Every structure is written in structure tokens, then in C-alpha cells.
Amino acid sequence: MSRPETADSVAALRARIRDWRRDGLRVAMVPTMGALHEGHLSLIRIARERAERCVVSIFVNPTQFAPSEDLDKYPRQLARDLDMLATVGADVAFTPTVGEMYPAGFATKISVGGPSAGLESDFRPTFFEGVGTVVAKLFLQATPDCAVFGEKDYQQLCVVRQLCRDLDLPVEIVGAPTIRDTHGLAMSSRNAYLDETELQTARQLNVILRKAATALAGGAGQKHATDEASRSLSAAGFQKVDYVEARESLTLAPWRHDRAGRVLAAAWLGKTRLIDNVEVPAA
Ligand code: PAF
């Protein structure tokens, strides 16, 4: 397969999508910030099963980074990303500049409530405003029939669902399972920051979360199970644990034993912040 066509302006993207619509084709979108890995490719494969055409956006969105965060060092590798897209057959890579997405005078923010409360927002208070704003723009620019998001960023997936519901955006949101390495480490563009020792420690994250989820499903108290997971992360070598919490899968409200649940966590290894989540197996 060949590299996808690139569109770096909203006008070029809309022109291509107009052609597809004229031919009656269904369009799927996979929003990304580039630095693609197997996790992204799995989203694109799912998108391709659901639509005749697939747009992948590659845009490191500055509005979702706080000033103290890694916007400048976030990996940017467009040529490699386009080569990877060729292996899965994406049709268009939408690669806007910051100026195209946020022209001078841009002054709108989309703040999604509900599932954005707590968890990531306690530590990254402006993150979901940035995500909500850019995802709403991408959907209005590309007008996809469906869009695929990874469960790895579980709270983000819930926030995007809420955004579409609340704003009547006619985009079906498809959640896709987290892709992990053979040790269970969730694929993430930020794994590239980890040295070999940190990588070994990072692999404990999902092991510890699965243990907590099993304990919860077996009737363990919530505070006991999440505190224990937090202690285990510190003992494994994570220098700081931002949170380990159990939430309801659909709403992200505090979890109750009779509801489908998820255990979500964020923790730091050196300067790298990792997040992951696992399902609480049915009791
Ligand atoms: O998950 C990501 O890569 C980003 O948050 C997204 C959804 C592409 C918005 O910038």
C-alpha cells in the first residue's frame, strides 16, 4: 500500500471528503497526535472495517498541554508516521499546522462536564478543555460518520462520547481495546521517553492494576484495594502516584460493586507520566 494523501488545510480536507460523500462513501476518523505505534494502527484497522474511507489526523494539539508539560519534546515524526499509515491503508492524513487549527484571534473553548471530573482533571485541569475543543473542531472539519478512540485513554473516550451526545454531533464513537506489549505495558507514544530500567518498572503498572481489579471483583473494599495498588506502584519504583481509583465504566461515577467498573491510574517514572486502566471483571 502507498502512503496516504496528506491534507494540511481544512479546505483541502473538506474537498476530499466532499468527493467521497458524492460517491456515497462512509467516512471514519482516527484523531491522533502522531508518533504512531501499533496501538494507533489497531484503531485505524477498526476504522477501516467500519467505513469505506479513513482519515487520520496528526496534530500535536497545544491546547491540551499545560505550560509545564511536554509539548516541545512530544515526538514529531511525520515521515515515519506516513510510512506506518501506508501499512494499514489510511486514505488521508490530515496534518494541519497550529495556525490552521488556531488562527490568530481564536477564542473558543469547549468545556465538557460529567466524566471529565476528577482523575486526569485533578492533575491536568485544562487537559479536557483542550481535547474537547480540538476534537469538536476535527469532527466539524471532517464530518466523519464514526471515529475510533483507544480505551487506553479511558476518561478521554468517555469525555468524547459526552461531547458528541451533548452537542448532537452525529459521530458514532467507537472504543477500541488497549494494545499492549508482551509484558502488558499499554502502547503509548510517551513510552519512547522511558529508559530500559524505567521500561521494566512501567510493565508493573498493568500487573498491579489487574491485581486490584481482581481484588475488587472478589469483594475487597475499594479504599483498601486502591491504596494497596498505590503502595505496590511505589514499591515497584514509581516515584509518584497521581491516582488509583475505581469508577463506573459508563459514567465514571464512583464505582459500586454491582456495576461494571474500571480501575484507572496515573503514575510517574522519572519525568514520564504513564496512565492505564483495566476492567473490573464481573463478580
Ligand atoms: O489521544 C490523543 O492522541 C489526543 O488527545 C487526541 C484525541 C488526538 C486529541 O488531540
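Residues numbered from 1 in each chain as written. Predicted model: local features only at pLDDT ≥ 70, side-chain atom pairs only at ≥ 80, totals over all residues. Heavy atoms only, no water.

Caption draft 1: Looking closely at the overall build of the protein chain. Within the protein chain one finds 10 helices and 9 strands. Relative to the 2.2 N^0.38 estimate, which gives 19 Å for 283 residues, the radius of gyration of the protein chain is 19 Å and therefore close to what a compact globule would have. Intrachain contacts of the protein chain at a sequence separation of at least 6 include 73% that bridge at least 24 residues. If you sum the accessible surface of the protein chain, you get close to 13,000 Å²; carbon and sulfur atoms cover 52% of it. For the protein chain, the centre of its 34 positive side-chain charges and the centre of its 35 negative side-chain charges are spaced 1 Å apart. (Helix = DSSP H or I, 4+ residues; strand = E, 2+ residues; numbered from the N terminus. Rg over C-alpha atoms; globule rule 2.2 N^0.38 Å. Contact = heavy atoms within 4.5 Å. Areas by Shrake-Rupley, 256 points an atom, 1.4 Å probe, with all protein chains shown as cover. Lys, Arg positive; Asp, Glu negative; His and termini not counted. Charge placed at Lys NZ, Arg CZ, Asp CG, Glu CD.)

Caption draft 2: Geometry of helix H6 (residues 127-142). Taking 1.5 Å per residue as the helical rise, H6 with its 16 residues ought to reach 22 Å, and the 22 Å between its terminal C-alpha atoms agrees with that figure. Among the 16 residues in H6, 14 count as buried, and that is most of the element. Phi turns positive one or two residues past the end of H6, at threonine 143, with a value near 45°. (Expected span 1.5 Å × (residues − 1). Buried < 20%, exposed > 50% of the residue type's maximum accessible area, 1.4 Å probe, protein only.)

Caption draft 3: Here's a closer look at the site of the ligand. Pro31, Thr32, Met33, Asn61, Gln64, Val131, Val134, Phe149 and Gln156 make up every residue found near the ligand. Glutamine 156 is positioned with one of its side-chain polar atoms (N or O) 2.7 Å from an oxygen atom of the ligand. Taking 290 Å² as the accessible area of the ligand by itself, protein coverage stands at 89%. Contributing elements (two or more residues each) for the shell around the ligand: strand S2 (27-32) and H6. Classifying every residue of the shell around the ligand by side-chain character gives 5 nonpolar, 4 polar and no charged. (Near = heavy atom within 4 Å. Polar contact = N/O pair within 3.5 Å; in protein donor to acceptor, adjacent residues only side chain to side chain. Nonpolar A, V, L, I, M, F, W, Y, C, P; charged D, E, K, R; others polar.)

Caption draft 4: Geometry of the sheet that holds strand S8 (residues 261-269). Across the sheet, which stays open at both edges, the 3 strands sit in the order S7-S8-S9 with antiparallel pairing between neighbours. Lying at the two open borders of the sheet, with one neighbouring strand each, are strand S7 (240-248) and strand S9 (272-280). Here the strands of the sheet are splayed against their neighbours by 15° on average, with no regard to which way each runs. As paired strands, S8 and S9 are joined by 9 bridges and run antiparallel to one another. Residue pairing for S9: leucine 269 is matched across the bridge by threonine 272. (Pairing = 2+ DSSP bridges. Axes fitted to C-alpha atoms, helices over the stretch in contact; angles between N-to-C directions.)

Caption draft 5: A look at the sheet that holds S2. With parallel pairing, 6 strands are arranged side by side in an open sheet as S1-S4-S3-S2-S5-S6. Looking at which strands have only one partner, the edges of the open sheet turn out to be strand S1 (5-7) and strand S6 (172-176). Here the average twist between neighbouring strands, direction ignored, is 25°. Across 3 bridges, the pairing between strand S3 (residues 53-58) and strand S4 (residues 92-94) is parallel. Bridging from a neighbouring strand, serine 57 pairs with phenylalanine 94 of S4. Across the sheet, helix H1 (residues 10-22) touches S1, S2, S3 and S4, and the angle it forms with S4 is around 150°. Against the sheet, helix H3 (residues 78-88) touches S1, S3 and S4, its axis set at about 160° to S3.

Caption draft 6: Just the nonpolar core, in detail. Within the largest apolar cluster, 34 residues are counted, with the highest numbers of intra-cluster contacts made by Leu13, Val55, Phe94, Val135, Phe139, Phe149 and Ile173. Those elements that place two or more of their residues in this core are H1, S2, S4, H6, strand S5 (146-150) and helix H7 (154-166). For this core, the element with the most residues is H6, which contributes 9 residues. With near-sequence residues (within four places) excluded, isoleucine 173 lies in contact with Phe139, Ala147, Phe149, Leu157, Val160, Arg161 and Cys164. Of all hydrophobic cores here, the second largest spans 27 residues; its members include Leu199, Leu205, Leu216 and Leu274. (Core = buried A, V, L, I, M, F, W, Y, C linked by side-chain atoms within 4.5 Å.)

Caption draft 7: Summary view of the side chain of threonine 133. Positionally, threonine 133 belongs in helix H6. With near-sequence residues (within four places) excluded, threonine 133 lies in contact with Tyr102, Phe106, Thr108, Lys109 and Ile110.

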